[in-house]
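Listed below are the residues making up each chain.
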Amino acid sequence: MFSHFAKRGVAGGFLRGSSKRGGYGQKDSCNAELGATRQRSCAVGDTAESRRTFSSRDVQAFADLTSDHNPLHLDAAAAAKTIFGQRIVHGIFVHSMIAALLATELPGPGTIYLAQTLKFVAPVYLDEEIAAVVTVKERRRSIAVIETICRAVERDTVVIRGEATVKCSE
């Protein structure tokens, strides 16, 4: 499904395109002080992907943590009366998958998040699989511009799209 994103980089939480030299289990000099164990890359075309579902319990925990107790997320009867017809996951909770990818996979540990644009284009329903994909679009010295997409896998629908600007530590 995301084969067009597989030019270089990471998929399913694992780096792709590794060479035998400087393998992915070794620390690189950019991140040794952070304890990173994955090779870092941040070249145009690099990509990373992760997948997860959001349960009712996850949504309740996020609501409690953030104090966002909007009935749209927590009350099935109230949510049924909305344009969505059922409970939906907090959009920013779904977007946290992007922040995790940037911090742990691409570019990885030591990354500094500078800016993010977001557009919430479709709802995320409870217990549906979501794929988050980040792809490096531009690189200017230590600054990378990264396309961010979250997609509902079964519906094959983009639910969030945006662009992140990050400072890479390499």
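Residues numbered from 1 in each chain as written. Predicted model: local features only at pLDDT ≥ 70, side-chain atom pairs only at ≥ 80, totals over all residues. Heavy atoms only, no water.

## Looking at the overall build of the chain
Thinking step 1. A count of helices and strands for the chain gives four helices and seven strands.
Thinking step 2. Taken from N to C terminus, the helices and strands of the chain fall in the order β-β-β-α-α-α-α-β-β-β-β.
Thinking step 3. By residue count, 41% of the 170 residues in the chain fall in the buried class.
Thinking step 4. A separation of at least 24 residues holds for 65% of the contacts in the chain among residues at least 6 apart in sequence.
Thinking step 5. As displayed, the chain offers around 9,000 Å² of accessible surface, 53% of which is attributable to carbon and sulfur atoms. (Helix = DSSP H or I, 4+ residues; strand = E, 2+ residues; numbered from the N terminus. Buried < 20%, exposed > 50% of the residue type's maximum accessible area, 1.4 Å probe, protein only. Contact = heavy atoms within 4.5 Å. Areas by Shrake-Rupley, 256 points an atom, 1.4 Å probe, with all protein chains shown as cover.)

## Overview of helix H4 (residues 91–104)
Thinking step 1. Between its first and last C-alpha atoms H4 spans 21 Å; for 14 residues at 1.5 Å apiece the expected length is 20 Å, and the two agree.
Thinking step 2. Lining the buried residues of H4 we find strand S3 (46–52), helix H1 (56–66), strand S4 (112–120), strand S5 (130–140), strand S6 (143–152) and strand S7 (157–167). (Expected span 1.5 Å × (residues − 1).)

## Some thoughts on the pattern of salt bridges
Thinking step 1. This model, assessed by the stated rule, comprises seven salt bridges.
Thinking step 2. Between Arg-155 and Glu-128 there is a salt bridge, with its nearest N and O atoms 2.7 Å apart. Here Arg-155, found in the loop between S6 and S7, pairs with Glu-128, found in the loop between S4 and S5; they are 27 residues apart in sequence, far enough to count as distant.
Thinking step 3. Judged by relative accessible area, which is 32%, Arg-155 ranks as partly exposed.
Thinking step 4. Under the relative-accessibility criterion, Glu-128 is labelled buried at 13%.
Thinking step 5. Between Lys-137 and Glu-147 there is a salt bridge, with its nearest N and O atoms 3.7 Å apart. Within this pair, whereas Lys-137 is found in strand S5, its partner Glu-147 is found in strand S6, the two being separated by ten residues in sequence.
Thinking step 6. Owing to a relative accessible area of 42%, Lys-137 belongs among the partly exposed residues under this scheme.
Thinking step 7. Judged by its relative accessible area of 25%, Glu-147 is partly exposed.
Thinking step 8. In the salt-bridge network here, residues are joined through shared partners; they are Glu-49, Arg-51 and Glu-129. (Salt bridge = Lys/Arg side-chain N within 4 Å of Asp/Glu carboxyl O.)

## Structural notes on H1
Thinking step 1. Listing the buried residues of H1 in full gives Val-59, Phe-62 and Ala-63. Seen along its axis, H1 keeps its buried residues to an arc of 100 degrees; they face one direction. For H1, the exposed residues lying more than 90 degrees away from the buried face are Arg-57 and Leu-65.
Thinking step 2. Residues of H1 that are buried sit in contact with helix H2 (71–74) and H4.
Thinking step 3. Positive phi shows up at Ser-67, right after H1, with a value of about 65 degrees. (Arc of directions from axis to C-beta.)

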